[in-house]
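Structure at a glance
The lines below spell out each chain.
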Amino acid sequence: MSSGVALRLRTLQRHLGSPEGRGMEPGSSPLTTHVLDTASGLPAQGLWLRLSRLEDHGQQWTELRKSYTDPDGRCPGLLLPGQMKVGTYKLSFDTEGYWQKRGQESFYPYVEVVFTVTNETHKFHVPLLLSPWSYTTYRGS
């Protein structure tokens, strides 16, 4: 087995065996994200992101948090328990900076994922699957 394949396998095994990989524990953040670099098959470590909420009757984005993804591609504590409100949120990912650090050209300079929270008691997980030429997202669990 090549060293690249072995590294991806160990990363996947660690991810599936970790508490984060099994779901969020009680009392944890109501909003999380996880970014996977589909070009390498590894977590997207060190990706800068920003969380904002739409305020002023839909006229102004208010920045709530800036952060980076951890070695597992996660940013688990975007909001503290009790901080979630009904409304529209935006996760902005600096994909250009991420790919430039890797010496890779890319098509999308940033990705913005806008979503609506209708029940502040629910937990939300927003995964991002990322390559230099495409991305996809969905509501995770």
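Calculation notes
Residues numbered from 1 in each chain as written. Predicted model: local features only at pLDDT ≥ 70, side-chain atom pairs only at ≥ 80, totals over all residues. Heavy atoms only, no water. Helix = DSSP H or I, 4+ residues; strand = E, 2+ residues; numbered from the N terminus. Buried < 20%, exposed > 50% of the residue type's maximum accessible area, 1.4 Å probe, protein only. Contact = heavy atoms within 4.5 Å. Areas by Shrake-Rupley, 256 points an atom, 1.4 Å probe, with all protein chains shown as cover. Pairing = 2+ DSSP bridges. Axes fitted to C-alpha atoms, helices over the stretch in contact; angles between N-to-C directions. pLDDT = per-residue confidence, 0-100. Phe/Tyr/Trp six-rings, centres within 6.5 Å; stacked < 30°, edge-to-face > 60°. Core = buried A, V, L, I, M, F, W, Y, C linked by side-chain atoms within 4.5 Å.

1. Overview of the overall build of the protein
- Helix and strand content of the protein: three helices and nine strands.
- Scanning the protein from its N terminus toward the C terminus, one meets helices and strands in the order α-α-β-β-β-β-β-β-α-β-β-β.
- Looking at the 141 residues of the protein, the share that counts as buried comes to 37%.
- Contacts spanning at least 24 positions in sequence make up 63% of the contacts within the protein whose residues lie at least 6 apart.
- Carbon together with sulfur atoms contributes 52% to the accessible area of the protein, which is approximately 8,200 Å² in total.

2. Notes on the sheet that holds strand E3 (residues 48-55)
- With antiparallel pairing, the four strands of this open sheet are ordered in space as E4-E3-E6-E7. Among the strands making up the open sheet, the edge pair consists of strand E4 (60-68) and strand E7 (111-117). Each strand of the sheet is rotated relative to its neighbour by a mean of 20°, with strand direction disregarded.
- Inspection of the sheet shows E3 paired to strand E6 (residues 87-93) by five bridges, in the antiparallel sense. Note that in E6 the partner of Leu51 across the bridge is Leu91.

3. Some points on the pairing of E3
- When E3 meets E4, the two strands line up antiparallel, connected through eight bridges. Opposite Ser52, over in E4, you have Glu63 as the bridge partner.

4. Some remarks on the confidence of the model for the protein
- Averaged over every residue, the pLDDT of the protein is 86; the share at 70 or more is 81%.
- Note that residues 16-27 has pLDDT below 50 and, in this model, 13 contacts with residues that lie over four places away or in other chains.

5. A few points about the pairing of E6
- Counting buried residues along E6, six of its seven residues qualify, which places the element largely inside the surrounding structure.
- Across seven bridges, E6 lies against E7 in antiparallel orientation. Of the residues in E7, the one forming a bridge with Leu91 is Val113.

6. Observations regarding the packing of aromatic side chains
- Under the counting rule described, the total for this entry stands at four aromatic pairs.
- When the ring of Tyr89 is compared with that of Phe115, the centres are 5.9 Å apart and the planes differ by 15°; the resulting orientation is stacked. Highlighted residues: Tyr89 in strand E6 and Phe115 in strand E7, separated in sequence by 26 residues.
- On the accessibility criterion, Tyr89 (0% relative accessible area) is buried.
- Taking 4.9 Å as the distance between ring centres and 85° as the angle between the ring planes, the aromatic pair formed by Phe107 and Tyr108 counts as edge-to-face.
- Through a chain of ring-to-ring contacts, the aromatic side chains of Phe107, Tyr108 and Tyr135 assemble into a single cluster.

7. What to know about the nonpolar core
- Residues Leu31, Leu91, Phe93 and Phe115 are the most contacted members of the largest nonpolar core, which totals 23 residues.
- Sorting the residues of this core by element identifies strand E1 (31-37), E3, E6, helix H3 (95-101), E7 and strand E8 (124-130) as the ones contributing at least two each.
- Each residue touching Phe115, except ones within four places of it in the same chain, is listed here: Leu31, Gly87, Thr88, Tyr89, Leu91 and Val126.

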